[in-house]
Amino acid sequence: MSEIRAKFVEVYSFLKSEILNDPAFEYTDDSRQWVERMLDYNVPGGKLNRGLSVIDSYKLLKEGQELSEEEIFLASALGWCIEWLQAYFLVLDDIMDNSVTRRGQPCWFRVPKVGLIAVNDGIILRNHISRILKNHFKGKTYYVDLLDLFNEVEFQTASGQMIDLITTLEGEKDLLKYSLPLHHRIVQYKTAYYSFYLPVACALLMAGENLDKHLDVKNILIEMGTYFQVQDDYLDCFGHPDVIGKVGTDIEDFKCSWLVVKALERSTEEQKKLLNENYGKPDEASVKKVKELYKVLDLEGVFAEYENNSYQKLIKSIEAHPSKAVQAVLKSFLAKIYKRQK
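Predicted model, so just to flag it, every value in this text is computed and none were measured.

Enumeration over the complete set of coordinates arrives at 23 aromatic pairs. Each ring, one from Phe254 and one from Tyr279, has its centre 5.6 Å from the other, and the planes form 55°; the classification is tilted. Residue Phe254 is found in the loop between α9 (241-244) and α10 (258-266), and its partner Tyr279 is found in the loop between α11 (269-278) and α12 (284-296); the two are separated by 25 residues along the sequence. Here Phe254 matches Tyr279 in class, with each residue buried. Sitting above the plane of the Phe333 ring, Lys336 keeps its charged end 5.2 Å from the centroid.

Taking 1.5 Å per residue, 19 residues should reach 27 Å; helix α1 (residues 2-20) reaches 27 Å between its end C-alpha atoms and fits that length. Among all positions of α1, only Ile4, Phe8, Val11, Tyr12, Leu15, Lys16, Ile19 and Leu20 are buried. Buried residues of α1 fall within an arc of 165° about the axis and therefore sit on the same side. α1 presents Ser2, Glu3 and Glu10 as exposed residues on the side facing more than 90 degrees away from its buried surface. Its buried side turned inward, α1 meets α2 (29-42), α3 (49-61), α4 (69-97) and α5 (117-137).

Turning next to the side chain of Gln327. Mapped onto the secondary structure, Gln327 falls in helix α14 (residues 324-337). When sequence neighbours within four positions are dropped, the list of residues in contact with Gln327 reads Ile318, Glu319 and His321.

Looking now at the packing of α1 against α5. In contact at an axis separation of 11 Å, α1 and α5 are set at 100° when each is read in the N-to-C sense. In terms of their interaxial angle, α1 and α5 are classed as roughly perpendicular. Along its contact with α1, which presents Phe14, Leu15, Glu18 and Ile19, the element α5 presents His128, Ile132, Asn135 and His136. Here the contact of α1 with α5 is composed, by residue class, of four nonpolar, three polar and one charged.

Scanning the model with the defined rule gives 17 salt bridges in all. Put simply, Asp56 and Lys336 hold a salt bridge, and the shortest N to O gap is 3.0 Å. Of this pair, Asp56 sits in helix α3 while Lys336 sits in helix α14, and the two are 280 residues apart along the sequence. Judged by its relative accessible area of 17%, Asp56 is buried. Classification of Lys336 as partly exposed rests on a relative accessible area of 42%. Several salt bridges converge on common partners, so that one network encompasses Lys16, Glu36 and Asp40.

Conventions adopted
- Residues numbered from 1 in each chain as written.
- Predicted model: local features only at pLDDT ≥ 70, side-chain atom pairs only at ≥ 80, totals over all residues.
- Heavy atoms only, no water.
- Phe/Tyr/Trp six-rings, centres within 6.5 Å; stacked < 30°, edge-to-face > 60°.
- Helix = DSSP H or I, 4+ residues; strand = E, 2+ residues; numbered from the N terminus.
- Buried < 20%, exposed > 50% of the residue type's maximum accessible area, 1.4 Å probe, protein only.
- Lys NZ or Arg CZ within 6 Å of the ring centre and 35° of its normal.
- Expected span 1.5 Å × (residues − 1).
- Arc of directions from axis to C-beta.
- Contact = heavy atoms within 4.5 Å.
- Axes fitted to C-alpha atoms, helices over the stretch in contact; angles between N-to-C directions.
- Parallel < 35°, antiparallel > 145°, perpendicular 65-115°, else oblique.
- Nonpolar A, V, L, I, M, F, W, Y, C, P; charged D, E, K, R; others polar.
- Salt bridge = Lys/Arg side-chain N within 4 Å of Asp/Glu carboxyl O.

Have a look at this one:
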């Protein structure tokens, strides 16, 4: 895997160099330096799971066949398109959320001299995806399908972000509107499509498959993405900051988290009153009261049961799939996230 990762990282340098010498735009030294610094700061800094998943999935779909250098390069290029998409979302999300840090460093818009230029940088990141696809996939039979896929997933993700933002509007804090179906909708659109479905869909297109014939795969991956986000919500409260790499703020931020939805389902009127009075407040005492209520309601036990049931259900759906290669792709995704601690 480390060999694949090393090759993947090499492809980033190649794609970056191509973008910095794109004949469609005449760079000055200043603008080239700006874009290079912006890319290095925002694109390769994460865990790279989404990007590497394209190569993993494509390998499994080829059922043990040795991949050619070109196949590894193309799968890597698509993986980087997803990482570019992620960078574009995160740069803009951090401005909307007024966040301070991302991946252990200041958010891009907080870097001196960047500020709201970061909005345009986000737009540039999105446009780089189209350039990469044009440069390397224009001659392929699945080129239009790839463009359609990225456009559709971007639309779904931005729409999920919108539901999330309008649900947590300042001055309109009302826990009554939080429910499991709303949580499911936000998660499905904001996270599951681009994090789970997109890498596998890219691999399927490269393998010559028609995505319309794989709606069952899409549904399983969306379910997996939902389970992943529930884990995230759980870890935000119960995970250790040193392990998860960030201090959770869902309670302070009045997020429509799986935990608060479950707490509302299980609470007495008195406990609901306590939640209403303390959820979404930035002070430590309020957060502590919410966390204590979560303990009293045994949300750790409720989560453990949810995790077990989700896993059984997903395995059952995966094993019902007729293709062993597709089963292998889905099982490898599930293995990466089952019982994760960060």
